[in-house]
Amino acid sequence: MATMLMSPLRARLAIKAQEATFTCRRCLHQQQTTSPTLRLLRQQRPLSRRLGQLQHRRPQSTAPTYQPSSSPLGALSQTITRNAAPHTKSAPKASSFPDTSSKSVAYWLLASATSVFGIVVFGGLTRLTESGLSITEWRPVTGSFPPRNQEDWESEFALYRQSPEFKMLNSRMTVEEFKKIYWMEWTHRLWGRVVGITFLVPTLYFIARKRVSAPMARRLLGICGLIGFQGFIGWWMVKSGLKDDLLETGSHPRVSQYRLATHLGTAFIAYLAMLWNGLHILRENRLVNNPAEGAKLLDTLRHPSLRPFRRYVAALSGLIFVTAMSGALVAGLDAGLVYNNFPWMGQNILPPKREMLDPFYSHTPDNSDLVWRNMFENPVLAQLDHRVLATTTFTAVLSLWAYARYNPAVRSMLPRSGRVAVLGLVHLVSLQVVLGISTLWYLVPTHLASAHQAGALALLSGVVVLGSRVWVPKRTLRLVQQAAAQLQGKSGAQVAKRGPEAMTRAKIWRPTSS
């Protein structure tokens, strides 16, 4: 009886068990799409985003952070922390300047450098035509306006007639002849004012608009100060040619060769600063915008085999600058007119010792200043020094080219842009040697002497371009590494964002065999 009573119960339980275990294919698919695993992943995805944001903000925030919690109190604490993070993030920020300067700043710097290159060449022409002493007053503001009538011209000419140059060289000069040399000097001074204004005003604009980085802003202000100082040095140089007491060692009135070299050297430094920083901004933007290639290039340039090469380039730039300044001494002393053959100086390679170390240039009874006085004031020794330095520079550039070409380590690690710059430097120094020798042979004609001065600045430009291509500034390296890390973090975030969902979908929608 019990067996008969239990049989219907067992039958009903068996039917329910079969209904619980049997599921059609469509229902199974619907259950899989809303499986607990997928729901858990979807719930964890926003949470993981919030955790990532909190972890990213944690080093920059002083607000306390809490571990994720499934309770409402834990979620509320996470929300409060996330909302407070932006306020704490801006607190430690020390500067509002960008990390990199705008490319427009670089183009403006290169344009300014071109203008300075032009005024240096024109200044050389002013000296070669003996026009530099035609304006005997320094009027920074009112001097910008030239004479407008015959009375003004007579007034300017009267001032020039009081100068030693007129009394000793140009005593028969007329007003019309005076106008030619006056316009040369006036144009040179006006060009200098234009260089100063076109550099100062954009500098203030770029700094005010935060278009430059903080280090670049300081550099631009330094160049502005250098340009202003250059104007003062220019008048200081001209003033030396207006004094009779500086003509005791010769009858030819001229500016002091020391002040001329200082004036030219300051112009060279201002030009090189503009060129270097303009190239630096363009290179930094290019590397930061492509951090993968930039990091690879900087790692290559940091190789130990290129360290001696960079030191060689730095030493070569100093040698070229010193050689150019010795040329300024030659120009100030008119030493190019002493010996006009090459490589000989008279009958031998070296001039007579009496001419090189002449006691006439010593200012002390014991001749303790004999050597350095002759080096800087004796035209013969000044020309010899320039010849030696120029020959050393030519040899050093050829040695650098051979080192870059025939050293296996340097040749394999030096980028193509560096090899091209080295070859361009060889061409520039070869042209400069030809111009220098031609200037001597033809008794310093104006066009060759001006081209020789321009060649010196072009040679310096070449070594600066080479240095900008092989140098590895620490700040640029840090910016490139940060950009590469950010790019890698974005790629990892995208993979992490798409990875679990894509893998789950692939597993769910995988076709089953019948």
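Source: prediction; values computed, not measured.

## Let's talk about the overall build of the protein
Now for step 1: When you go through the protein residue by residue, the secondary structure sums to 19 helices and zero strands.
Now for step 2: Sorting the 514 residues of the protein into buried and exposed places 39% on the buried side.
Now for step 3: Partitioning the contacts of the protein with sequence separation of at least 6, the portion at a separation of at least 24 is 78%.
Now for step 4: Approximately 30000 Å² of the protein is accessible, and the part contributed by carbon and sulfur atoms is 62%.

## Observations concerning a positive patch on the surface
Now for step 1: Positive charge collects at one region of the surface, where R405, R411, R416 and R419 lie side by side.
Now for step 2: Structurally, R411 can be placed in helix α16 (residues 408-413).

## A closer look at the packing of helix α6 (residues 150-161) against helix α8 (residues 175-208)
Now for step 1: At a minimum axis separation of 10 Å, α6 and α8 run at an interaxial angle of 80°. Compared by their axis directions, α6 and α8 come out roughly perpendicular. Contacts from Q150, W153, E154, E156, F157 and Y160 of α6 reach α8 at V175, F178, K179, I181, Y182 and W183.
Now for step 2: Taken together, the residues of the contact of α6 with α8 break down into eight nonpolar, one polar and three charged.

## Quick notes on helix α15 (residues 379-406)
Now for step 1: Over its 28 residues, α15 runs 40 Å from end to end, which matches the ideal 40 Å to within 8%, given 1.5 Å per residue.
Now for step 2: Two or three places before V380, at the opening of α15, N378 has a side-chain oxygen 3.2 Å from that residue's backbone nitrogen.

## Some thoughts on the packing of aromatic side chains
Now for step 1: Within this structure, the stated rule accounts for 21 aromatic pairs.
Now for step 2: Note on Y160 and F166: the rings are 5.8 Å apart at their centroids and 70° apart in plane angle, and the pair reads as edge-to-face. Accessibility assignment for this pair places Y160 and F166 in one class, buried.
Now for step 3: Between Y160 and F178, the aromatic rings sit 5.3 Å apart at their centres with planes inclined by 35°, giving tilted as the arrangement. With Y160 in helix α6 and F178 in helix α8, this pair connects stretches of sequence that are 18 residues apart. Each member of the pair, Y160 as well as F178, is classed as buried.
Now for step 4: Here the aromatic cluster, defined as three or more aromatic residues joined through ring pairs, consists of W153, F157, Y160, F166, F178, Y182, W183 and W186.

## Quick notes on the pattern of salt bridges
Now for step 1: Summed over the entire model, instances satisfying the criterion amount to nine salt bridges.
Now for step 2: A salt bridge links R139 to E137; the nearest nitrogen and oxygen atoms lie 3.6 Å apart.
Now for step 3: By relative accessible area, R139 is classed as partly exposed at 29%.
Now for step 4: On the basis of relative accessibility, which here comes to 31%, the residue E137 falls in the partly exposed class.
Now for step 5: With a shortest N-O distance of 2.8 Å, E185 and R189 are connected by a salt bridge. Taken together, the residues span about one helical turn, with E185 and R189 both in helix α8 at a distance of four residues. Across this residue pair, the class does not change: E185 and R189 are buried.
Now for step 6: Residues participating in the shared-partner salt-bridge network are E137, R139 and E156.

## Some thoughts on the confidence of the model for the protein
Now for step 1: Summary statistics for the protein give a mean pLDDT of 83 and a share of 75% for residues scoring 70 or more.
Now for step 2: Across residues 84-92 the pLDDT falls below 50, and counting only partners more than four positions away or on other chains, this stretch makes nine contacts in the model.
Now for step 3: The model gives residues 506-514 a pLDDT under 50, and that stretch makes six contacts with residues more than four places away or in other chains.

## Side note on the nonpolar core
Most often, soluble globular proteins keep nonpolar side chains buried together rather than apart.
Now for step 1: In terms of nonpolar packing, the biggest core is built from 63 residues, with F199, F309 and L466 touching the most fellow members.
Now for step 2: For this core, the element with the highest residue contribution is helix α10 (residues 257-289), accounting for 11 residues.
Now for step 3: With near-sequence residues (within four places) excluded, L466 lies in contact with F309, V313, L400, G418, A421, V422 and L425.
Now for step 4: Grouped together as the second largest cluster of nonpolar side chains are 11 residues, I135, F166, M173 and W186 included.

## Side note on the packing of helix α5 (residues 103-128) against α10
Now for step 1: Between α5 and α10, the least distance of the axes is 8 Å, while the angle of their chain directions is 160°. Judged by the angle between their axes, α5 and α10 are roughly antiparallel. As for how α5 packs across α10, the hand of that crossing is left-handed.

## Quick look at the side chain of E156
Now for step 1: Along the chain, the position of E156 falls in helix α6.
Now for step 2: Of the polar contacts made by the side chain of E156, one reaches the side chain of R139; its length is 3.0 Å.
Now for step 3: With near-sequence residues (within four places) excluded, E156 lies in contact with R139, P147, F178 and Y182.

How each quantity is defined
Residues numbered from 1 in each chain as written. Predicted model: local features only at pLDDT ≥ 70, side-chain atom pairs only at ≥ 80, totals over all residues. Heavy atoms only, no water. Helix = DSSP H or I, 4+ residues; strand = E, 2+ residues; numbered from the N terminus. Buried < 20%, exposed > 50% of the residue type's maximum accessible area, 1.4 Å probe, protein only. Contact = heavy atoms within 4.5 Å. Areas by Shrake-Rupley, 256 points an atom, 1.4 Å probe, with all protein chains shown as cover. Patch = residues over 30% accessible without salt bridge, like charges linked within 9 Å, V, L, I, M, F, W, Y side chains within 5 Å. Salt bridge = Lys/Arg side-chain N within 4 Å of Asp/Glu carboxyl O. Lys, Arg positive; Asp, Glu negative; His and termini not counted. Charge placed at Lys NZ, Arg CZ, Asp CG, Glu CD. Axes fitted to C-alpha atoms, helices over the stretch in contact; angles between N-to-C directions. Parallel < 35°, antiparallel > 145°, perpendicular 65-115°, else oblique. Nonpolar A, V, L, I, M, F, W, Y, C, P; charged D, E, K, R; others polar. Expected span 1.5 Å × (residues − 1). Polar contact = N/O pair within 3.5 Å; in protein donor to acceptor, adjacent residues only side chain to side chain. Phe/Tyr/Trp six-rings, centres within 6.5 Å; stacked < 30°, edge-to-face > 60°. pLDDT = per-residue confidence, 0-100. Core = buried A, V, L, I, M, F, W, Y, C linked by side-chain atoms within 4.5 Å. Left-handed = near helix turned anticlockwise from the far one by under 90°.

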